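Coordinate analysis (summary)
What follows is the residue order along each chain.
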Amino acid sequence: MKHKVTFTEAICILLALLFILGISVIKLGIAPEVPVLFTICLFIFWIKFFHGCSWQSIQDGIKEGIGVAIIPIFIFILIGALISLWIKSGIIPSIMYLGFHLLNGNYFIPSVFLVCTIIGVAIGSGFTTISTIGIALFGIGISMKANPGLVAGAIISGAVFGDKMSPLSDSTNLASAVAESELFAHIKNMLWSTLPAFFCSLLLFTILGHGGAMNAARIETLSHILKSHFMISWWTIIPIIFMVLCAWKKIPAIPTLFLNITISIIIIFIQNPHQSIASLNQIIVNGYVAKTNDAAFNALLSRGGIASMMETVALIISTLSLGGLLMKFNIVQSAMSPLVAKLKTPGSLIIATILSGIGINLLVGEQYLSVILPGRAYKSAYTKLCLSSLALSRVLEDGGSVINYLIPWGVAGAFAASTLGVPVLTFLPFTFFSLFSPIFSIMSGISGIGLKRIHGIMQ
């Protein structure tokens, strides 16, 4: 670059990008892929012709941005294959069948939240929770004619809680590592903001979800359809057990997913030894297509496949390309650096960290960077104010990884929307846990309650 980007220039660029994305997605209601590409186009021309950057450096920025998502993209592809196989093998239909007969319609929504919370903690992956148990619970909710946004919000809230509080979670380990805090001490310290957010979410889900009814005749009809078209059996729980065991043994996501895909295929061939390889390949690539006599049910269970993830993958690549450019040319860093020196109180520091995490989620759309960048930028400021690394690691999660599910062009938000078939803006108002987490974190920073200081002094 011919000259360094100033603070004012960086702020103007970021505000312009946010304005374009916000107006396009929220006001005009269009898909985020094209607005993201448009902002990349504008940024490239600005950085090239106003700052004289080389085309090679621009390409390097794009490659560096995409590089952080290679593994998540591959995981998404495997999840797409797994969803279709879990439907074909009867795993998701069996969970739905069980849910029809066990869940109480009056408390279905809070039950969904609690089930996803438990599964999320056990597995340590919000994505896996949403794409497996979440799909089954969503199907039950839609069959009850529940609000799709409310059901999706309960699923995602539970999944995010589990992801946040599990020692097996990538994002939890990342926040702990960036802040240099001990993992289990970090999880324990998060309870100060996580428990209030959890109970407030549970209360709202109970109030809003109370009074639902599971129509007995409709449930009987749906149960009959499931038994007629899928293998409903207790042993379809085997892949779920293997997934939990792999999580507790800390086996990485990729081999865990491959193992589950293999087990699911074996189950399919046990059910039908004459299963065609070509048709199974079609299901893995393009997803399972349900062919029952119930159109609504067909829509619910026609899901999955590698192709179903391609729209999400395209958005991830586009968004992270923009993020890579913003990082490569120090736009985000230039905007954040002057703010750090002006933060003199714990409350202002925590508010700035939360807002920075939310801002990076909005700009970059990647939950890991929303933890890494504020962690690096504010670490010395926390030490200067005698705040423990545990205070920093908690705030990084409260304003970083949990917020990504609320961003239409965010990696997590786009994944949840495509997996459940519900737009982000539809489930955003009901994803209470993600909405409450930063609020209670800020309240802790201002009041000093639960704020961990150096030398273990709790203020």
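To start, this report covers the structure provided alongside it. Remember, predicted model here, so these are calculated numbers, not experimental data. (Residues numbered from 1 in each chain as written. Predicted model: local features only at pLDDT ≥ 70, side-chain atom pairs only at ≥ 80, totals over all residues. Heavy atoms only, no water.)

A short note on the overall build of the protein
Each helix and strand counted, the protein has 23 helices and 0 strands in total. Its C-alpha atoms give the protein a radius of gyration of 23 Å, near enough to 23 Å, the size a compact globule of 459 residues would have. With respect to the principal axes defined by its C-alpha atoms, the protein has extents near 65 × 50 × 40 Å. Across the 459 residues in the protein, those meeting the buried criterion constitute 58%. A sequence separation of at least 24 residues applies to 78% of the contacts in the protein between residues at least 6 apart. (Helix = DSSP H or I, 4+ residues; strand = E, 2+ residues; numbered from the N terminus. Rg over C-alpha atoms; globule rule 2.2 N^0.38 Å. Buried < 20%, exposed > 50% of the residue type's maximum accessible area, 1.4 Å probe, protein only. Contact = heavy atoms within 4.5 Å.)

Let's talk about the packing of helix α16 (residues 310-328) against helix α21 (residues 411-420)
Two packed helices can be described by the angle between their axes and the distance between those axes. The contact between α16 and α21 brings their axes to 10 Å, and the two run at 165°. As judged from the angle between their axes, α16 and α21 are roughly antiparallel. The way α16 lies across α21 gives a crossing that is right-handed. For the pair formed by α16 and α21, the contact residues are T312, L315 and I316 on the first element and V411, A414, F415 and S418 on the second. Each residue belonging to the contact of α16 with α21 can be placed in one class, and the counts come to 5 nonpolar, 2 polar and no charged. (Axes fitted to C-alpha atoms, helices over the stretch in contact; angles between N-to-C directions. Parallel < 35°, antiparallel > 145°, perpendicular 65-115°, else oblique. Left-handed = near helix turned anticlockwise from the far one by under 90°. Nonpolar A, V, L, I, M, F, W, Y, C, P; charged D, E, K, R; others polar.)

Focus: empty space enclosed by the protein
Applying the stated criterion to the full structure yields 1 cavity of 30 Å³ or more. Approximately 50 Å³ is the volume attributed to the largest cavity. The wall of the largest cavity is formed by V160, D163, K164, S171, Q367, E397, S401, V402 and Y405. For the lining of the largest cavity, the element with the most residues is helix α8 (residues 148-165), which contributes 3 residues. Each residue belonging to the lining of the largest cavity can be placed in one class, and the counts come to 3 nonpolar, 3 polar and 3 charged. (1 Å grid on protein atoms, 1.4 Å probe; cavity = no way out; pocket = protein on both sides within 12 Å on 5 of 7 lines; lining within 4 Å. Points joined across faces, edges and corners; volume = space filled by probe spheres on them.)

What about the nonpolar core?
F43, I155, L301, L326, I331, Y382 and L420 are the most contacted members of the largest nonpolar core, which has 140 residues in total. Counting residues per element, this core draws most heavily on helix α4 (residues 70-88), which supplies 11 residues. Sequence-distant contacts of Y382, that is, excluding residues within four places in its chain, are made with L349, I350, T353, L387, A391, L392 and V395. (Core = buried A, V, L, I, M, F, W, Y, C linked by side-chain atoms within 4.5 Å.)

Concerning the packing of helix α7 (residues 126-143) against α8
Where α7 meets α8, the axes come as close as 9 Å, and the angle between the chain directions of the two elements is 150°. Relative to α8, the element α7 lies roughly antiparallel. Note that α7 runs across α8; the crossing there is right-handed. Two secondary-structure elements touch here, α7 through G126, T129, I130, G134, L137, F138, G141 and I142 and α8 through P148, V151, A152, I155, I156, A159 and D163.

Details of the pattern of salt bridges
All chains considered together, the criterion is met by 4 salt bridges. Between K63 and D60 there is a salt bridge whose closest N-O contact spans 3.8 Å. Remark: D60 and K63 occur in helix α3 (residues 55-67); sequence separation between them is 3 residues, near one turn of the helix. Judged by relative accessible area, D60 falls into the partly exposed class, the value being 22%. The partner of K164 in a salt bridge is D398, and the shortest N-O contact between them spans 2.4 Å. Of this pair, K164 sits in helix α8 while D398 sits in helix α20 (residues 389-399); the two residues are 234 residues apart in sequence, bridging distant segments of the chain. (Salt bridge = Lys/Arg side-chain N within 4 Å of Asp/Glu carboxyl O.)

A short note on the environment of T431
Within the secondary structure, T431 sits in the loop between α22 (424-427) and α23 (432-447). By relative accessible area, which is 0% here, T431 ends up buried. Taking the C-alpha atoms as reference points, T431 and L406, separated by 25 residues in sequence, lie 7.9 Å from one another. Among residues more than four places away in sequence, those in contact with T431 are G153, I156, S157 and L406.

Quick word on the state of the cysteines
Each disulfide consists of one covalent bond between the sulfur atoms belonging to two cysteines. Applying the stated criterion across every chain yields a total of 0 disulfides. Of all cysteine sulfurs, the one in C116 lies closest to C200, which takes part in no disulfide; the gap is 19 Å. (Disulfide = S-S within 2.5 Å.)

Brief notes about helix α9 (residues 170-179)
An α-helical segment advances 3.6 residues per turn. Residues three or four places apart therefore align on the same side. Within α9, burial applies to S171, T172, A175, S176, V178 and A179. Down the axis of α9, the smallest arc covering the buried residues is 165°, so these residues share one side. Residues of α9 that are exposed and point over 90 degrees away from its buried face: D170 and A177. Positive phi appears at E180, one or two residues downstream of α9, with a value of about 60°. (Arc of directions from axis to C-beta.)

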